[in-house]
Amino acid sequence: MASLKLPPLKPNPSFIPERSSKTLSLGLARPNRVGLRVFASESQEAPDLTVKVNGLTMPNPFVIGSGPPGTNYTVMKRAFEEGWGAVIAKTVSLDASKVINVTPRYARLKAGANGSAKGQIIGWENIELISDRPLETMLKEFKQLKEEYPDRILIASIMEEYDKAAWEELIDRVEQTGIDAIEINFSCPHGMPERKMGAAVGQDCLLLEEVCGWINAKATVPVWAKMTPNITDISQPARVALRSGCEGISAINTIMSVMGINLTTLRPEPCVEGYSTPGGYSAKAVHPIALGKVMSIAKMMESEFSEKDYSLSGIGGVETGGDAAEFLLLGANTVQVCTGVMMHGYGLVKKLCSELKDFMKMHNFSTIEDFRGVSLKYFTTHTDLHDFKLIHFVGIGNVSPCSSSSKGNA
Ligand SMILES: Cc1cc2nc3c(=O)[nH]c(=O)nc-3n(C[C@H](O)[C@H](O)[C@H](O)COP(=O)(O)O)c2cc1C
């Protein structure tokens, strides 16, 4: 079941009970923030990470997000070998000669006193465009990968100008390679808005509806629309994309950012010949923002698109099994990782799988569907929170119904 019709929760004494009446919420601690210690006995059957989404079966929900980790045949092969559930290749367009990348194109934010150069990387900005490799080369590599790994899921990420014939040609050509699905990059924050590409479409619902219409009339494989967070209400373009025939939503792409200003040279970073341009922010620092955006899309999908096999792919700052579990608990079917792979390598998937299994064992979940989306119902309005608190205060006394969050120790 890949739609946002959420599965019934398995009986589990360690799990927070339903807030079926206001008084039930009193005195309950929030579920632990995925501490990832294994409490299950050795004899317990291993949790099954398999996911089925839009008719595609993946060995686990972990998907390489479009970007440098899916830039060519060699690295995508590596991803399959290491065990990633699916790979989304770097975004391609018809004419790569129009894509001119610059160097340097990355800047990093490190944790630690006064931005110490030695701290852990928590934020990553890029001003990288889509693939600048010739489309013919990328298509040849997709075909080769599908021949060598027929059972593995390869997804093409595509982006084109505001031109119906161009979109149709690109879809036709990527589909001929045997790829399993297409993700549409409606979200590149720094890519050629003057040509109505990327976020320029994702930020304009009328344009998005028209372009999605062209795409879905042509495509014969599942289509995921990748959303930009650089918009007031991300659920609006997500709704338009689903209404216009897309099978799934991916969120989020990077967040528009300026990494910093060099206080010696007074120039912004990353600095190219003395100048810069706003970039896209990713990695750990964006994870809470991504969870917020995914939550709002999931709520919208649950109430308006629960009748069909629609899917949701959560993206942003995933480095641990716990980070991934959070997206799944909000209703995501799959979880994409891009910067995490750039920092920790393709072997990261083994750690992600084992940590996700540990979380599942801790709660006695056997499959992803046992817990997918169960945290969505604990979001309510601020007014409701206030009402709950009042009732609690009057009814029981001065005991907080919530333990403090342990978000910091992911
Ligand atoms: C260097 C870099 C290049 C990227 N290139 C693309 C791209 O070509 N197409 C795309 O859809 N997203 C691209 N992304 C966005 C990622 O797929 C992802 O949506 C975003 O970085 C947030 O996830 P993360 O924190 O796991 O990286 C890129 C991200 C980075 C860091």
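Residues numbered from 1 in each chain as written. Predicted model: local features only at pLDDT ≥ 70, side-chain atom pairs only at ≥ 80, totals over all residues.

- Identification of the chain as dihydropyrimidine dehydrogenase (NADP(+)) from Nepenthes gracilis is taken from an unreviewed UniProt entry.
- The UniProt entry for the chain carries the following text under Pathway (unreviewed entry): "Amino-acid biosynthesis; beta-alanine biosynthesis." (UniProt positions renumbered as here; feature names shortened; annotations may be inferred.)

**Describing the overall build of the chain**
Here comes step 1: For the chain, the helix and strand inventory stands at 11 helices and 16 strands.
Here comes step 2: For the chain, buried positions account for 45% of its 410 residues.
Here comes step 3: Summarising the internal contacts of the chain: among those between residues at least 6 apart in sequence, 74% fall at separations of at least 24. (Helix = DSSP H or I, 4+ residues; strand = E, 2+ residues; numbered from the N terminus. Buried ≥ 20, exposed ≤ 12 C-beta atoms within 10 Å, placed from the backbone. Contact = placed C-beta atoms within 7 Å.)

**Remarks on the pairing of strand E9 (residues 223-226)**
Here comes step 1: Burial along E9 is two-sided: Val-223 and Ala-225 facing one way and Trp-224 and Lys-226 facing the other are all buried.
Here comes step 2: Bridging between strand E8 (residues 181-185) and E9 involves 4 bridges; their strand directions are parallel. In the sheet register, Ile-184 faces E9, and the bridge partner there is Ala-225.
Here comes step 3: For the segment spanning E9, helix H6 (residues 235-243) and strand E10 (residues 248-251), crossover handedness is right-handed. (Pairing = 2+ DSSP bridges. Right-handed = clockwise from strand over helix to strand, strands pointing away.)

**Some points on helix H7 (residues 287-304)**
One turn of the α-helix equals 3.6 residues, which is why residues spaced by three or four share an orientation.
Here comes step 1: Compared with the 26 Å implied by 1.5 Å per residue over 18 residues, the 25 Å span of H7 between its first and last C-alpha is a close match.
Here comes step 2: Buried within H7 are the following residues: His-287, Ala-290, Leu-291, Lys-293, Val-294, Met-295, Ile-297, Ala-298 and Met-301.
Here comes step 3: On its buried side, H7 packs onto H6, E10, strand E15 (311-315) and helix H8 (321-329). (Expected span 1.5 Å × (residues − 1).)

**So, the sheet that holds E9**
Here comes step 1: One closed barrel accounts for 8 strands, arranged E3-E4-E7-E8-E9-E10-E15-E16; its pairing is parallel. In this sheet, adjacent strand axes meet at a mean angle of 25 degrees when their direction is disregarded.
Here comes step 2: Two strands pair when backbone bridges link them, and strand E3 (residues 62-64) and strand E16 (residues 334-337) are joined in this way by 3 bridges, in the parallel orientation. Each residue of the ladder has a partner; that of Phe-62, found in E16, is Val-335. (Axes fitted to C-alpha atoms, helices over the stretch in contact; angles between N-to-C directions.)

**Thoughts on the nonpolar core**
Here comes step 1: Core analysis: the largest hydrophobic core is formed by 98 residues, its most contacted members being Val-87, Ile-155, Ile-182, Ala-225, Ile-249 and Val-294.
Here comes step 2: Excluding residues that lie within four positions of it along the chain, Ile-249 makes contacts with Trp-224, Ala-225, Met-227, Ala-238, Ala-241, Leu-242, Ile-297 and Leu-312. (Core = buried A, V, L, I, M, F, W, Y, C linked by C-beta atoms within 7 Å.)

**A short note on the site of the ligand**
Here comes step 1: For the ligand, the set of nearby residues contains 27 residues, the closest of which are Gly-65, Gly-67, Ser-282, Cys-338 and Thr-339.
Here comes step 2: Going through the elements one at a time, strand E6 (121-126) and helix H9 (339-344) are the ones with two or more residues in the shell around the ligand.
Here comes step 3: Broken down by class, the residue content of the shell around the ligand amounts to 10 nonpolar, 14 polar and 3 charged. (Near = placed C-beta within 6 Å. Nonpolar A, V, L, I, M, F, W, Y, C, P; charged D, E, K, R; others polar.)

**Remarks on the sheet that holds E6**
Here comes step 1: Spatial strand order, E5-E6-E14-E11: 4 strands in an open sheet with antiparallel pairing. Edge strands, defined here as strands with exactly one partner in the open sheet, are strand E5 (106-110) and strand E11 (255-257). Direction aside, neighbouring strands of the sheet carry axes that sit 35 degrees apart on average.
Here comes step 2: For E5 and E6, the ladder comprises 5 bridges, and the chain directions are antiparallel. Directly across from Lys-110, in E6, lies its bridge partner Ile-121.

**With respect to the environment of Lys-361**
Here comes step 1: Checked against the element boundaries, Lys-361 lands in helix H10 (residues 348-363).
Here comes step 2: Residue classification places Lys-361 among the buried positions, given that 20 C-beta atoms sit within 10 Å.
Here comes step 3: For the pair Lys-361 and Ala-46, spaced 315 residues apart in the sequence, the C-alpha separation amounts to 7.8 Å.

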